[in-house]
Amino acid sequence: MSGESKDPVKTICPYCGVGCGIQVAPGEEPGDMQFRPWADAPVNEGRVCIKGGAATEVVDHEDRLTEPLLKEDGEFREATWEEAYELIVEEMERIREEHGPDAMGFFGSSKTMNEENYLLQKLARRYGTNNVDNCTRMCHASTVWALRTSLGAGAMTNSMADLEQAADVFWIQGANPGEQHPIANSQYFRQAVLEGATVIQVDPHANKTTRSFEIEDTDRHMHLQLNPGTDIPLLNVVLKTVLENGWVDEEFVAERTEGFEHLEATLEDFDKEAAAEECGVPLEDIELAARKYAKANNAAIFTGMGMSQHACGVDNVQNEINLALATGNLGRPGTGVNPLRGQNNVQGTCDVGAMPNVLPGYQLVDDDEARESVEEVWGFEIPDEPGLTNVEISHAAGDSVHGLYVMGENPVMSEPDGNRVEERLEELEFMVAQDIFMTETAKYADVVLPATSWAERGGTVTNTDRRVQRMRPVQKVHDNTKHDLDILSEVGTRLFGEGFDFEDPEAVFEELRQVCPSYHGMSYDVLGEEGVHWPCYEPGDEGDPFLYEESFDTENGLGKIEGVTHQPPKEVPDEEYPLVLTTARLEEHYNTGTMSRRSPTLNRQHPENFVDVHPADAERYGIEDGETVRLRSRRGEIEVRAEVTDDIKEGVVWTTPHFAAASANRLTNDVLDERAKIPEYKAAAAEIDVGIEPADRGAADD
Ligand code: SF4
């Protein structure tokens, strides 16, 4: 499945969910690969951010894994592929025999392609378990849950191009596109703003999005800097203002929604003044923002992980849906509720069924009809009970879960309370990790398989606005590495005999589209260079730039409104831990840093972690700007440089998860949203110690 060409190859940036097209020219020697703009790329028309421009830097990095590794007496030794496969099959069979199929867990990856995640979830289900998940659990599981149950599909309701052309107001809550989706911000949002659109940003942290629209300096745009974990009361102030002023779209509510009375009842005795105080935002500012949103011709909500990563994440997003439905801002160009997805294939990884409760195309595993239609193609019985999510799998390691198969994921860094994750992984009887680098997680594996990188293999990825695009191999594979797809194919064939032997990624895609209704009309030829938005039910469908024009994709076609009430974070400040810790990502780094910390260009910008501390807190603690401090929570501690800034409110500290020894996830709380099982990364109680020697504060250490 490898390919080699001296001409530049058109492919997709391996970093964020915007899905920018790039060209890459292969070199004569490893390390000679060159980035080239792809001038007429459908999403970005040649523009890229710093990550896209530096994407080639890590492909030939000296740390690449090149041989299979087996652990013996606590040490890794090089092994042959045959030895590795034999051990994997032997151990997976033993675990199933001794403990049953639900004793295995499978982690897919949003950094890998649709075909690979499709095959991984098929492997899990053929093994006999629905214990398969991917890192969407950590970013937008709650968003997907709320959108799927209240509107129909767990994805952006509108597309970026449509929003740029039609939206008058962008309501951006808990998202920082200026930093995390730079091309969406600079190309689409910026253009709309130049043509008169208004930005209302709701976020506890002033960031590059705030600065990119000069929000603080204009009357037009607004930044509502709320306290972490007060999104529901803030939106309830907005909703009550909409109700009080008669800004409800009565016709839309009557014809296309259900549950409006529940919202009215929820807000009947709601005290706007008390709620605004709880949010830490002046009431008149929230009321003005409500007016701007409700009176716009077309207003679009963008929602990010500041909303989803809470124990009340589903309710947070439901309240955004309530606002959009109550004001009729859905089913038209320039409107909707739009999650900005993190990784370049996080949308696709969910679409193809790498989740414990759904099969490809979001068909529920406990829906008999849906399950049977997939079983007809696959030729085996699928377990009918939803499986465990990835955080639940990690928590159950050593108890009900005894084996783990990890493809391209790094839960030690990406899951909350990383110290606990490490303890649990130690308890596993057997673990496989396939990756391109020795990650913090792979160190706990019994077998490490060297996979190929994005630049060496082909397949498809699905971006944040549901555009399915092809990635193409740029250079030949490294030494003794193998494609994720080939590894899964071999393991599946050795375990089960049939159903896993595919000639190439296109053959896998052909099977995928048989079981995934929204991809059914696609083929590699149809995708071409432009890609296709889903839903694409039949060949010839061009996909929808916006959803729900006539009706919602729910059982009765109505959008579901449901009033929600404030639920404070599960851990709030107290005497011992008096600060609120919140977290987010940086423009130059990418999630667990496995790739970006190895990129000289990206790492130069931020070689180590830091914590934002408000000047009043700095004075109280006696912290100098740039001084090393110890930041701790009930779960762990990290040593980081303090940045004294009023980007954050007094009493709140803000840091990032990218740096191994000083990751925010040594501190974050692993309490989960009850329904979506997403952890509460965005609010925990913390304390700062000063007087720390700056010897080891978690620089890029691997
Ligand atoms: Fe890559 Fe995202 Fe930057 Fe585009 S915006 S170049 S997809 S990281």
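Here, the structure is the one placed above.
So, here's what we can say about the structure. (Residues numbered from 1 in each chain as written. Predicted model: local features only at pLDDT ≥ 70, side-chain atom pairs only at ≥ 80, totals over all residues. Heavy atoms only, no water.)

Focus: empty space enclosed by the protein
Evaluation of the coordinates by the stated rule reveals seven cavities of 30 Å³ or more. Computed from the structure, the largest cavity encloses a volume of approximately 390 Å³. If you go around the largest cavity, you meet 24 residues; those closest to its centre are Met138, Gln309, Ser414, Arg585 and Asn591. Mapped by element, the contributors of at least two residues to the lining of the largest cavity are α4 (136-139) and α20 (411-414). Within the lining of the largest cavity, the residues separate by chemical class into 10 nonpolar, 10 polar and four charged. Split by domain, the residues of the lining of the largest cavity number at least three in each of domain 2 (69-137 + 344-450 + 487-496) and domain 4 (579-689). The computed volume of the second largest cavity comes to approximately 310 Å³. Lining the second largest cavity are 25 residues, with Gly174, Asp203, Gly306, Ala584 and Lys682 sitting closest to its centre. Counting residues per element, the ones that place at least two in the lining of the second largest cavity are α7 (177-180), α15 (305-308) and β23 (579-583). (1 Å grid on protein atoms, 1.4 Å probe; cavity = no way out; pocket = protein on both sides within 12 Å on 5 of 7 lines; lining within 4 Å. Points joined across faces, edges and corners; volume = space filled by probe spheres on them. Helix = DSSP H or I, 4+ residues; strand = E, 2+ residues; numbered from the N terminus. Nonpolar A, V, L, I, M, F, W, Y, C, P; charged D, E, K, R; others polar. Domains from an automatic or database assignment.)

Looking at the packing of aromatic side chains
Any pair of aromatic rings gets described here by the distance separating the centres and the angle formed by the planes. In this structure the tally under the stated criterion is 16 aromatic pairs. Between Phe509 and Tyr519 the ring centres are 6.4 Å apart and the planes differ by 40°, which places this aromatic pair in the tilted class. Of this pair, Phe509 sits in helix α23 (residues 505-515) while Tyr519 sits in the loop between α23 and α24 (524-527), and the two are 10 residues apart along the sequence. Tyr519 shares its class with Phe509; the two are buried. Counting every residue linked through ring pairs, the aromatic cluster contains Phe106, Tyr127 and Tyr405. Over the ring of Phe380 we find Arg126; its NZ or CZ atom is 5.4 Å from the centre of that ring. The ring of Phe437 carries the charged tip of Arg598 above its face, separated from the ring centre by 4.2 Å. (Phe/Tyr/Trp six-rings, centres within 6.5 Å; stacked < 30°, edge-to-face > 60°. Buried < 20%, exposed > 50% of the residue type's maximum accessible area, 1.4 Å probe, protein only. Lys NZ or Arg CZ within 6 Å of the ring centre and 35° of its normal.)

A few points about the sheet that holds strand β8 (residues 169-173)
Here five strands make up an open sheet; going across it, the order is β10-β9-β8-β12-β13 and the pairing parallel. The open sheet has two edge strands, β10 (222-224) and β13 (337-339), and neither has a second partner. Neighbouring strand axes in the sheet, compared pairwise and without regard to direction, differ in orientation by 20° on average. Pairing of strand β9 (residues 198-202) with β10 involves three bridges; the strand directions are parallel. Among the inter-strand pairings, Val202 is bridged to a residue of β10, identified as Leu224. Of the strands in this sheet, β8, β12 (299-303) and β13 touch helix α16 (residues 313-326), which is tilted by about 175° from β12. (Pairing = 2+ DSSP bridges. Axes fitted to C-alpha atoms, helices over the stretch in contact; angles between N-to-C directions. Contact = heavy atoms within 4.5 Å.)

A few points about the site of the ligand
Near the ligand the following residues occur: Cys13, Tyr15, Cys16, Gly19, Cys20, Val48, Cys49, Lys51, Gly52, Pro182 and Ile183. If you list the elements that add at least two residues to the shell around the ligand, you get α1 (50-53) and α8 (182-194). Considering only residue class, the shell around the ligand consists of eight nonpolar, two polar and one charged. (Near = heavy atom within 4 Å.)

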